[in-house]
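An overview of the molecular structure
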Amino acid sequence: MIELIQQRLTRYEEGVNENSLKEIIQEIALFGLWRAGFFEVAAFQGGTSLRILHDLPRFSEDMDFILLAPEQAFSWDRYLSRLLETLNQFGIDATVNDRGKLDSNIQRAVIKDDSLVDQLDLVLYRGPPDRKLQIKLEVDINPPANSGFDFSFLDFPSDFEIRHQDLESNFALKIHALLCRKWDKGRDWFDFSWYVRNRVGVNLPHLEAALMQTGPWAGTNQKVDIDWLGTTLAARIDTVDWTGAVRDVERFLNSIERDSLGLWSARFFRSRLDVLLDYIVRS
């Protein structure tokens, strides 16, 4: 099976690095979770879902999921044995550990592997040879209401199907992160620009439900409409340290995308916000 992974790596035109290998493990992990029945109760979401399902042009480190319905008793343990078995079948001698609750709503598991680099013929590998690869899996066990879902078929490492958030709901949670995260994460803003470029709408009821759960609006009766969204995002854009945001995201991008980071400023993202509001109003 290791030959299948070797063949997959040929798609990385700028050479193989640590992120390339992590992405291979992520894809095989999705296959393992499907085999374990995970997508009967949960959906894929976040930056890695955009990368794998929609060709987002940046690497994403972690794999994020949400349950279809709240389940405080959820545990990764029931899925990890099949996940580990799948990784082993493809020559990845990994460990997978349930790390329990990250906070009141997030359950985390971690995949660790230090075998893949040694097994592959990585002539173009540009990473440290002895680096242990680590991927976090996090699932929201108390997801905000009103999400939409889609299904997609994937064909690596074999044919399978996963459930995932639709783009409008995924965008809603990205905006929640932009408004509520306590530091300026450039990856969030890169994704925001990507959503706008692709004319993705926002699931406002899902955003409102998320804001009521966590962040400065939690427990309030804040109504989320287009006017509130525009005013609040504009105010947030004016507070961002754009130099720090660029530093955060640049290592996850290819050379073409990195060139565009020179545009990042409050003026640039206010223009992106104007485009977003315009096509939401028109739709």
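To be clear, the structure that these remarks concern was listed above.
Here goes a summary of the coordinates provided. What you see is a predicted model; the values in this text were computed from it and never measured.

**Some thoughts on the packing of helix α7 (residues 186-197) against helix α12 (residues 266-282)**
Put simply, α7 and α12 touch, their axes get as near as 9 Å, and they point 40° apart. Comparing their axes, α12 and α7 come out oblique. α12 is crossed by α7, and the crossing has left-handed handedness. Here Trp189, Phe192, Ser193, Tyr195 and Val196 of α7 lie close against α12, whose contacting residues are Phe268, Phe269, Arg272, Leu273, Val275, Leu276 and Tyr279.

**Describing the pattern of salt bridges**
Summed over all chains, the structure comprises 15 salt bridges. For Glu71, the salt bridge is made with Arg78, and the minimal N-O distance between the two is 3.2 Å. In this structure Glu71 comes out as partly exposed when scored by relative accessible area, which is 26%. Judged by relative accessible area, Arg78 falls into the partly exposed class, the value being 44%. For Arg270, the salt bridge identified is with Asp238, shortest N-O distance 2.7 Å. A residue pair is termed long-range when its members are at least 10 positions apart, and Arg270 in helix α12 and Asp238 in the loop between α9 (226-237) and α10 (242-249) qualify at 32 residues. Arg270 gets classed as partly exposed once you look at its relative accessible area, which sits at 35%. A single network of salt bridges, built from pairs that share partners, joins Arg58, Lys174, Arg181, Asp188 and Asp191.

**A closer look at α12**
With 17 residues, α12 ought to run about 24 Å at 1.5 Å a step, and its terminal C-alpha atoms sit 24 Å apart, in line with that. Along α12, the residues that are buried comprise Phe269, Leu273, Leu276, Leu277, Tyr279 and Ile280.

**Things to note about unusual backbone geometry**
With omega at 10°, the peptide bond leading from Phe156 into Pro157 counts as cis. You will see that Asn146, though not glycine, has its phi angle at about 75°, which is positive. Position of Asn146 among the secondary structure elements: in the loop between β5 (133-140) and β6 (149-154). Of note in the backbone geometry, Arg199 takes a positive phi value of approximately 55° without being a glycine. Secondary-structure assignment places Arg199 in the loop between α7 and α8 (204-213).

**What about the packing of helix α6 (residues 167-180) against α9?**
Relative placement of two packed helices is described by the angle separating their axes and the distance separating the axes. Close contact between α6 and α9 brings their axes to 10 Å; oriented N to C, the two are set at 45°. Between α6 and α9, the crossing angle belongs to the class labelled oblique. When the axes of α6 and α9 are compared, the crossing they make is left-handed. Residues Ile175, Leu178 and Leu179 of α6 form the contact with α9, whose own contacting residues are Trp228, Leu229, Thr232, Leu233 and Arg236. For the contact of α6 with α9, the per-class residue count stands at six nonpolar, one polar and one charged.

**Describing the side chain of Thr232**
As for its placement among the helices and strands, Thr232 is situated in helix α9. Here Thr232 is in contact with Leu179 and Trp217, once residues within four sequence places are set aside.

Parameters and conventions
Residues numbered from 1 in each chain as written. Predicted model: local features only at pLDDT ≥ 70, side-chain atom pairs only at ≥ 80, totals over all residues. Heavy atoms only, no water. Axes fitted to C-alpha atoms, helices over the stretch in contact; angles between N-to-C directions. Helix = DSSP H or I, 4+ residues; strand = E, 2+ residues; numbered from the N terminus. Parallel < 35°, antiparallel > 145°, perpendicular 65-115°, else oblique. Left-handed = near helix turned anticlockwise from the far one by under 90°. Contact = heavy atoms within 4.5 Å. Salt bridge = Lys/Arg side-chain N within 4 Å of Asp/Glu carboxyl O. Buried < 20%, exposed > 50% of the residue type's maximum accessible area, 1.4 Å probe, protein only. Expected span 1.5 Å × (residues − 1). Nonpolar A, V, L, I, M, F, W, Y, C, P; charged D, E, K, R; others polar.

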